Amino acid sequence: MQNPDTASTSFTIRYLSQQGKFPEALSLYVQMHGSGLLPNTFAVSSALKASARILCKVGGVMIHGQVKKLGLCKVVFVQTALLDFYSKIGDMEVARNVFDEITERNVVSWNSILAGYVRCGDLAMAQNLFDEMPVRDVVSWNSMVFGYARGNDMEKACTLFREMPERNPASWNAMIAGYVECGKIEMARSFFDAMPRRNNVSYITMISAYSKYGNVESAIELFNEKGEKDLLLYNAMISSFAQNNRAKEALQLFDEMLQSNANIQPDGMTLTSAISACSQLGDLKFGKWIESYMSKSGIKMDDHLATSLIDLYTKCGHIDKAYDLFHSLQKRDLVAYTAMILGCGINGRAKDAIKLFEEMMNANIIPNQVTFTGILTAYNHVGLVKEGYNCFMSLQKHGLVPTVDHYAIVVDLLGRAGQLEDAYELIKSMHVQPHAGVWGALLLACSLHNNVELAEVAAKNCFELEADSSGYHSLLANIYASAGRWDDVKRLRGEIEVKEASVSVSTPFPLWDSLTRPWSNMQENNLCPEFIGLNNSQHGVLPLFFSINPGAVRESDTSKEAASDDGDSPKHSCNCLGRDTIANAAAKIGPAVVNLSVPKGFHGITVGKSIGSGTIIDEDGTILTCAHLWGDFHDFSSASKAKILKSELNKILKSELNEQSYQQVEVTLQDGRAFEGTVVNADLHSDIAIVRIKSKAPLPTAKLGTSSKLRPGDWVVAVGCPLTLQNTVTAGIVSCVDRKSSDLGLGGMQREYLQTDCAINQGNSGGPLINIDGEVVGVNTMGVHKAQGLSFAVPVDSVSKIIDHFKRNGRVIRPWIGLKMLDLSDMIVAQLKEKNPSFPDVRKGLLVPMVSPGSPADRAGFRPGDVVVEFGGRPVGSTKEVVEIMGDKVGKPLKVVVKRANNVTETLIVIPEEANPDM
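The structure presented is a predicted model; accordingly, all values stated were derived computationally and were not measured.

Check the secondary structure of the protein and you find 39 helices and 20 strands. Within the protein, the fraction of its 919 residues that count as buried is 48%. Counted over contacts in the protein with a minimum sequence separation of 6, partners at least 24 positions apart contribute 58%. Only carbon and sulfur atoms are counted for the fraction: they give 52% of the accessible area of the protein, which is about 43,900 Å².

To continue, consider the UniProt feature "repeat: PPR" (unreviewed entry) in the protein. The UniProt record annotates "repeat: PPR" (unreviewed entry) at residues 5-39, 106-140, 168-202, 230-264, 333-367 and 368-402. This span, residues 5-39, is 74% helix and 0% strand, and a straight line between its end C-alpha atoms measures 10 Å. Regarding residues 333-367, the helix share stands at 74% and the strand share at 0%, and the terminal C-alpha atoms are separated by 10 Å.

With that settled, consider unusual backbone geometry. Although it is not a glycine, Asp-687 sits at a positive phi angle of roughly 65°. Among the structural elements, Asp-687 can be located in the loop between β5 (674-683) and β6 (688-692). Judged by relative accessible area, Asp-687 falls into the buried class, the value being 0%. One non-glycine residue, Asn-902, lies in positive phi territory at about 60°. Relative to the helices and strands, Asn-902 resides in the loop between β18 (894-900) and β19 (904-910).

Quick look at helix α20 (residues 319-328) now. Every buried residue of α20 is listed here: Ile-319, Ala-322, Tyr-323, Leu-325 and Phe-326. End-on, the buried residues of α20 take up no more than an arc of 165°, which puts them together on one face. Those residues of α20 that are exposed and aimed more than 90 degrees away from the buried face are Asp-320 and Asp-324. Looking at the buried positions of α20, the neighbouring elements they touch are α18 (284-297), α19 (303-315), α21 (334-346) and α22 (350-362).

The interhelical angle for the contact between helix α26 (residues 420-428) and helix α27 (residues 436-449), taken along N-to-C directions, is 165°, at an axis separation of 11 Å. On the basis of their axis angle, the class for α26 and α27 is roughly antiparallel. The crossing of α26 and α27 is left-handed. Seen from α26, the contacting residues are Leu-420, Ala-423, Tyr-424 and Ile-427; seen from α27, they are Val-438, Trp-439, Leu-442, Ala-445, Cys-446 and His-449. Taken together, the residues of the contact of α26 with α27 sort by class into nine nonpolar, one polar and no charged.

So, on to the packing of α27 against helix α29 (residues 471-482). It is the contact of α27 with α29, at a shortest axis distance of 9 Å, that shows an interaxial angle of 25°. What the angle tells us is that α27 and α29 run roughly parallel. For the element pair α27 and α29, the recorded crossing hand is left-handed. Residues Ala-436, Gly-440, Leu-443, Leu-444, Cys-446 and Ser-447 of α27 form the contact with α29, whose participating residues are Tyr-472, Leu-475 and Ile-479.

Turning our eyes to something else, we now look at the nonpolar core. Grouped together as the largest cluster of nonpolar side chains are 167 residues, with contacts concentrated most on Met-175, Met-237 and Leu-442. With residues up to four places along the chain from it excluded, the contact list for Met-237 reads Ile-207, Val-216, Ala-219, Ile-220, Phe-223 and Leu-253. Within the second largest apolar cluster, 26 residues are counted, among which are Val-593, Ile-693, Leu-699 and Cys-721.

Attention shifts here to the pattern of salt bridges. Overall, the coordinates contain 24 salt bridges when judged by the stated rule. Where Arg-485 meets Asp-488, a salt bridge forms, and the shortest distance between an N and an O atom there is 2.9 Å. A relative accessible area of 18% places Asp-488 in the buried class. A salt bridge links Arg-711 to Asp-714; the nearest nitrogen and oxygen atoms lie 3.1 Å apart. On the accessibility criterion, Arg-711 (34% relative accessible area) is partly exposed. Residue classification places Asp-714 among the buried positions, given a relative accessible area of 16%. When salt bridges with common partners are traced through the structure, they connect Glu-456, Arg-485, Asp-488 and Arg-491 into a single cluster.

Over its 13 residues, helix α25 (residues 404-416) extends 18 Å from the first C-alpha to the last, a length consistent with the 18 Å expected when each residue adds 1.5 Å. The buried fraction of α25 is high, at 11 of 13 residues. Against the buried residues of α25 lie α23 (369-382), α24 (385-393), α26, α27 and α38 (856-860). The first or second residue beyond α25 is Gly-418, which carries a positive phi of 90°.

Let us now look at the packing of aromatic side chains. For the structure shown, the criterion picks out 19 aromatic pairs. Between Phe-85 and Tyr-86, the ring centres sit 4.9 Å apart and the planes meet at 65°, which makes this aromatic pair edge-to-face. Assessed through its relative accessible area of 0%, Phe-85 is described here as buried. A relative accessible area of 5% means that Tyr-86 is categorised as buried. Measuring from ring centre to ring centre gives 5.5 Å for Phe-223 and Tyr-234, while their planes differ by 70°; the resulting arrangement is edge-to-face. Of this pair, Phe-223 sits in helix α14 (residues 216-225) while Tyr-234 sits in helix α15 (residues 231-243), and the two are 11 residues apart along the sequence. Just as Phe-223 is buried, Tyr-234 falls in that class too. Among the aromatic residues, those joined into a ring-pair cluster are Phe-161, Trp-172, Tyr-179 and Phe-191. We note Arg-167 situated over the ring of Phe-161; from NZ or CZ to the ring centre the distance is 4.3 Å. When the ring centre of Phe-223 is taken as reference, the NZ or CZ atom of Lys-229 above it lies at 4.9 Å.

This part is about the pairing of strand β3 (residues 622-625). Alternating positions in β3 separate into two faces, Thr-622 and Leu-624 on one and Ile-623 and Thr-625 on the other, with burial throughout. Two elements, β3 and β6, share four bridges in a ladder whose sense is antiparallel. In the strand pairing of β6, Thr-625 is matched with Ala-689.

Before going further, it helps to spend a moment on the environment of Ser-308. Among the secondary structure elements, Ser-308 is positioned in helix α19. Overall, the relative accessible area of 13% leaves Ser-308 in the buried class. For Ser-308 and Cys-278, which are 30 residues apart along the polypeptide, the C-alpha to C-alpha distance reads 9.7 Å.

The rules behind the values
- Residues numbered from 1 in each chain as written.
- Predicted model: local features only at pLDDT ≥ 70, side-chain atom pairs only at ≥ 80, totals over all residues.
- Heavy atoms only, no water.
- Helix = DSSP H or I, 4+ residues; strand = E, 2+ residues; numbered from the N terminus.
- Buried < 20%, exposed > 50% of the residue type's maximum accessible area, 1.4 Å probe, protein only.
- Contact = heavy atoms within 4.5 Å.
- Areas by Shrake-Rupley, 256 points an atom, 1.4 Å probe, with all protein chains shown as cover.
- UniProt positions renumbered as here; feature names shortened; annotations may be inferred.
- Arc of directions from axis to C-beta.
- Axes fitted to C-alpha atoms, helices over the stretch in contact; angles between N-to-C directions.
- Parallel < 35°, antiparallel > 145°, perpendicular 65-115°, else oblique.
- Left-handed = near helix turned anticlockwise from the far one by under 90°.
- Nonpolar A, V, L, I, M, F, W, Y, C, P; charged D, E, K, R; others polar.
- Core = buried A, V, L, I, M, F, W, Y, C linked by side-chain atoms within 4.5 Å.
- Salt bridge = Lys/Arg side-chain N within 4 Å of Asp/Glu carboxyl O.
- Expected span 1.5 Å × (residues − 1).
- Phe/Tyr/Trp six-rings, centres within 6.5 Å; stacked < 30°, edge-to-face > 60°.
- Lys NZ or Arg CZ within 6 Å of the ring centre and 35° of its normal.
- Pairing = 2+ DSSP bridges.

This is the structure:
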């Protein structure tokens, strides 16, 4: 501004204040004072307004001194501005002095002092002032309604609301917000519905309320109801999706906001929610795009955004990038430190976690119990016993009392390291009563180290604390078995059978009768077993329901000999198998089946080759195969040998993958073309690997089908390409769609296979298992010595999920909480309630028959007999839904609602850990 004078400068200050540019207004006022110009009353009142809005106490107090010096203390709107300033910063003593000095008080003056007392929570003084007011306007009434609503006194708030001579949207919004704070969402919605004129604040308040209590569908309904949407409304809905683990929908709405209206530009809150959604999905690519969008759009990286990005990068394994952002923070608060500490823990960098903790303490940032939970979990994750124990002992030095969960983590840490006596002494020293999770951690450690004496002590306490749990009996029985105490094993297993009988459901007579009939009789009587609802196959329990479905049995299902029917017909339908059906199916996929040859050797010397097959599934040269081509571990009868070999294979595929000798894979197509392939990724636990080749000419590809629709008795074809034989084709039927790895003597976490009678040998291992339409339904992996005549394949639906993990995370992330769950139905619930009248009144949910001792679920407070009705903020009725909700979320708290005996409802918070596939 050239040649500024008092009038022009004062006008500019007033204009900036009116436009909400409060820092600029205050800065110009300081410049005006420094230039020697005397401010007028407009400049003073505008500068005081700016100080009040940005809570600049120093600036406002200095202006007050100038007001006295300039003799403006008796000017009404200057006094009102001073009163508003002190009320907003909470200095009610000075505010009252200013108010008392005002000789000509107007309604604005009364409203300012009234709002100050309400803001400070002094409702008694506010009520006295309200009663003394000579004139009240709607702002006066709104202040009192808001005060009582914020104080959760909705009875008084409602009384005042009814007495109001006039109401505006703020009056209604105050009532809605009050009922939301009290948790009375239905009352809040009734006020919302009764509003004569709703504004965006009304919608945002209700959407945020529904989000807080997990009712996202109602929030969506309100969002869609609002015609014209602004940024704040989009922010509320995107945040609602992100907070309720519906990350994909959050990002879809974010994209819709960017596309639908060029006038709506995201702000820091929008991007914070979007980044949080990326963290939940592990979508680093989208997160990086948001970061670049911020740079292009000129959006400043504030601490909230940086902390969100830190969370994203740590969960995606990019700790160095997270560190860069962490060091760029202007103010590192407890949230930022905790995010980094947890991130380092998840990624196995416990030393960095403790270093960050020490930095936090040196910065005088007081840790809370959650911070210590993160550090202790990090130490437990990597097995650093001494450091973890010392960290635990430092809790009390920081003025914190260890929780039972802290003890459980340390007992688990000591126990896994073999320090069982130390773990036991720690339990005996506890100042609080240990729960079953603490004793369960000790019992689990005793099972790992075969300590019978301490196991009996731990088990005795577990039995007393959770008498209904059979899991602890099973664990102790296994310990007795390891020690050769077979009489004790027999006794405990008898007790287990009694306990399981109290929650198991017997097989209905019609189903048992049908299972004992000859198949021909069933066909004649048009009986078909129909399995509904409860998927108990993984627990060794028969399906529970049986229905009579006339005509349901198809002719093609009655016998394997159907292959010979109508043999002269080259065509087939879904009801019959023609002479050329299998040949046609094999011909469809044949060109896409390739031979893989992997050099074997050591120290650069090739001593042989591993031969297998694969399937080209994408035109970019992506080949699907099995991981054991780099080291066979399936046929080992000894679990320890298999574990050793897996360790060696890990070294090859993970540590040394970049070495040329391990990167080479010779790929030969059936048309004679040969390529050098590269191992892109591999998951040893599922035995799935991805190889890629580059070709300028087009490549044949196979079509992926689905394995979810396969049934026992369906025809399938195993195809391979062992090179010298070209295609090998063996046909058979599916004999089991969910054969468990534990049934086959395979170690590690439970996984399911397709079981067929198609022949699998070394040459066609890794090749496709196809249906009669030529679609890939599985990846052939192995034969097992204990299951002669049978072969096994990884279902293609599982393979698709593994590939998605590869794309998002670079590896497969498997969350683990340590629960066994059984799907419930109306009939099962009725039978359980008949046996136990205190069983909760539920129509659907998941029964928890067992909680693994020392698991995340155990630490969260789950009990055998719980019925899970909500998981991650969503109602659930099947184990599949729980698995889908967890996805690949590790280290993220999930809210779970369970029903217990006599309809007691409990809300638990469980934090999934990344599973160890070999455990």
